Amino acid sequence: MRLSGVDPGIIRELSGIYKPFIKAFKELISNAYDADATTITVKVAEDCESIEVHDDGIGMTPYHFESDFARLGGSTAWLQGGRSPGGRPRIGHKGIGFLAVARYCSELHVTSHATRSYEGTRLVQRRGRKAIPLEEIFGDVVPLEHLAGRIKVFKSEALDGARSVQLKKPIDFMLDGTEVRLASPRSQSRELRFSYVLDCSHLLFDAMLDFDYLLGLEHREDLRTLDNFCKVKVRLVTPRDRPVGGTLEPFTTVRLKKLKDFVVRELTAPPVKGKQKSIVFRSGREQFLWRVARSSPIRDDVPNEVEADAIKALEHASGYIRRELVERLQLRRVPELHFTLDLSQEHVERIERLLKEMKKDKPSAP
Ligand SMILES: Nc1ncnc2c1ncn2[C@@H]1O[C@H](COP(=O)(O)OP(=O)(O)OP(=O)(O)O)[C@@H](O)[C@H]1O
Ligand SMILES: [Mg+2]
């Protein structure tokens, strides 16, 4: 799977934005929320070397995974005006979420199943050929034998400069096992555009993203080898995957494997003896789960003028807040209070600048 045309330096910088670990981890919860999940289960392994997030959202077909998840800038937020398929206001909109946890584990494993179909469009250069291999249109993420009878080409056009002619099946073209045969002179144009739907409801995939490899890339030349940063294995859903007497519902499981030593140390930190009242004295694992449980998937896009008003209101009330702090925390000295805006907006701008740079660097899509 390719991540072509992206400078490894930009990848590293983007991955460095998500600090601390809990903030990066919440990106996975946000993704599950955006996928309309109603139940999200987080499991920390006994030895704290791995963490799993399972959600019952809409899941991904291997094609959705390839085009949306494992691609920088592959966010689907724009598809429904910033809403999830179920109508929730979405949290994610940049399409760099998979990089969030890149600095905290060596491998990210994704298993998913979706019952929705994948809709795609592909522009193909004919280069004098009378037949186009199906792989050139649909890619090779799913082996062709798994797609038999599940491909529907609902629109195909022959393009010559600004001229476009609609092609008809079977007069102009037909799907023939492993290729699209171009049967009429009308179909022998310079370019062809196919719009298609692929049914993957009988499939399930396991993917592994190799973060050590991705973040270890030093030079622009290494981009040729980016092909290998992600491996996807697609297989048929078997009776063992289904609940007894039922069908397999969509799901996504994301596993953070080989967590970095500093994360494992944080998670395995023992509780502070005798001081159990506050969460900060509990074990690392309890603190982590406590923070995850309190992550509220609400997007913090507050308009600027609201922020400025909020600061003014807080400054106005600072006398009262200071008195309350002195009383409640039993302080001897009255603290000075300064109110500043949260830097998350600045973060968003920085990410957007990096994404723009990335698009500038990227060669045009195949
Ligand atoms: N748990 C999931 N279930 C279904 N689809 C998912 C899941 N996680 C990610 N995706 C798909 O992958 C896409 C990319 O995810 P990613 O987190 O990179 O971007 P985003 O959430 O759209 O934006 P942001 O970078 O702001 O988080 C999502 O838009 C969504 O289509
Ligand atoms: Mg996201």
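Residues numbered from 1 in each chain as written. Chains lettered and ligands numbered in written order. Predicted model: local features only at pLDDT ≥ 70, side-chain atom pairs only at ≥ 80, totals over all residues.

Draft legend 1. Region of the structure containing the overall build of the chain. Scanning the chain from N- to C-terminus turns up 10 helices and 13 strands. Counting contacts in the chain only where the partners sit at least 6 residues apart, residues at least 24 apart contribute 73% of the total. (Helix = DSSP H or I, 4+ residues; strand = E, 2+ residues; numbered from the N terminus. Contact = placed C-beta atoms within 7 Å.)

Draft legend 2. Quick look at unusual backbone geometry. Between Lys169 and Pro170 the backbone carries a cis peptide bond, its omega angle lying at 0°. Relative to the assigned elements, Pro170 resides in the loop between β7 (163-166) and β8 (173-176). Phi is positive for Asp36, which is not a glycine, with a value near 65°. Inspection of the secondary structure puts Asp36 in the loop between α2 (21-34) and β1 (40-44). Within the chain, Cys48 stands out as a residue other than glycine whose phi angle is a positive 60°. Summarising the element assignment, Cys48 is placed in the loop between β1 and β2 (51-55).

Draft legend 3. The sheet that holds strand β9 (residues 179-182), seen in detail. Overall, antiparallel pairing links the 3 strands, which are arranged β5-β9-β8 in an open sheet. Each of the sheet's edge strands pairs with one partner strand only, and the pair in question is β5 (131-133) and β8. On average, each strand axis in the sheet is tilted by 20° relative to the strand beside it, whichever way the strands run. (Pairing = 2+ DSSP bridges. Axes fitted to C-alpha atoms, helices over the stretch in contact; angles between N-to-C directions.)

Draft legend 4. Broad picture of α2. If you check α2, its first and last C-alpha atoms are 20 Å apart, about what 14 residues at 1.5 Å a residue would give, namely 20 Å. Burial of α2 is extensive: 10 of the 14 residues sit out of reach of the surface. Looking at the buried positions of α2, the neighbouring elements they touch are β1, β2, β13 (251-259), α6 (261-268) and α7 (284-293). Just beyond α2, the residue with positive phi is Asp36, at close to 65°. (Expected span 1.5 Å × (residues − 1). Buried ≥ 20, exposed ≤ 12 C-beta atoms within 10 Å, placed from the backbone.)

Draft legend 5. Just the sheet that holds β2, in detail. With antiparallel pairing, 6 strands are arranged side by side in an open sheet as β1-β2-β13-β3-β11-β12. Of all strands in the sheet, those bounded by a partner on one side alone are β1 and β12 (230-236). Geometrically, the sheet is characterised by an average inter-axis angle of 10° between neighbouring strands, direction not taken into account. Relative to β12, strand β11 (residues 203-210) is paired through 7 bridges, and the arrangement is antiparallel.

Draft legend 6. Geometry of the nonpolar core. Within the largest apolar cluster, 55 residues are counted, with the highest numbers of intra-cluster contacts made by Ala32, Val101, Tyr104, Leu108 and Leu209. Beyond its immediate chain neighbours, meaning those up to four positions away, Val101 contacts Ala24, Phe25, Leu108 and Leu256. Leu134, Leu192, Phe194 and Tyr196 belong to the second largest nonpolar core, which has 11 residues in total. (Core = buried A, V, L, I, M, F, W, Y, C linked by C-beta atoms within 7 Å.)

Draft legend 7. Expanded view of the pairing of β13. Taken together, the 5 bridges between β2 and β13 define a ladder with antiparallel strand orientation. Pairing of Val53 across the sheet is with Val254, part of β13. Relative to β13, strand β3 (residues 105-113) runs antiparallel, the two being bridged by 8 bridges. Bridge pairing in β13 links Val110 to Val254.

Draft legend 8. Structural detail: the site of ligand 1. In the region of ligand 1, 24 residues are neighbours, and Asn31, Ala35, Ser75, Gly92 and Gly97 sit closest. At the level of elements, α2 and α3 (62-69) are the ones that each hand at least two residues to the shell around ligand 1. In terms of residues, the shell around ligand 1 owes the most to one element, α2, which gives 4 residues. Here the shell around ligand 1 is composed, by residue class, of 8 nonpolar, 11 polar and 5 charged. (Near = placed C-beta within 6 Å. Nonpolar A, V, L, I, M, F, W, Y, C, P; charged D, E, K, R; others polar.)

Draft legend 9. Local environment of the pairing of β3. Relative to β11, β3 is paired through 6 bridges, and the arrangement is antiparallel. Across the sheet, residue His109 finds its bridge partner in β11, namely Met208.

Draft legend 10. Inspection of the environment of Lys258 at higher detail. By the secondary structure assignment, Lys258 is in strand β13. Note: C-alpha distance between Lys258 and Tyr104 (154 residues apart in sequence) is 8.7 Å. Beyond its immediate stretch of four places on either side in the chain, Lys258 contacts Glu49, Cys105, Ser106 and Glu107.

Draft legend 11. Fine view of the environment of Phe229. If you trace the backbone, Phe229 turns up in the loop between α5 (211-216) and β12. The spatial distance from the C-alpha of Phe229 to the C-alpha of Tyr213 is 6.6 Å, given a sequence separation of 16 residues.

Draft legend 12. Examining the packing of α6 against α7 more closely. Running from amino to carboxyl end, α6 crosses α7 at an angle of 95°, the nearest separation of the two axes being 5 Å. As summarised for this structure, α6 and α7 are arranged roughly perpendicular, according to the angle between their axes. In this structure, α6 uses Glu266, Leu267 and Thr268 to contact α7, whose residues at the interface are Gly284, Arg285 and Phe288. By residue class, the composition of the contact of α6 with α7 is 2 nonpolar, 2 polar and 2 charged. (Parallel < 35°, antiparallel > 145°, perpendicular 65-115°, else oblique.)

Draft legend 13. Layout of the environment of Asn31. The residue Asn31 is located in helix α2 in this model. The contacts of Asn31, once residues within four sequence positions are left out, are Gly92 and Gly97.

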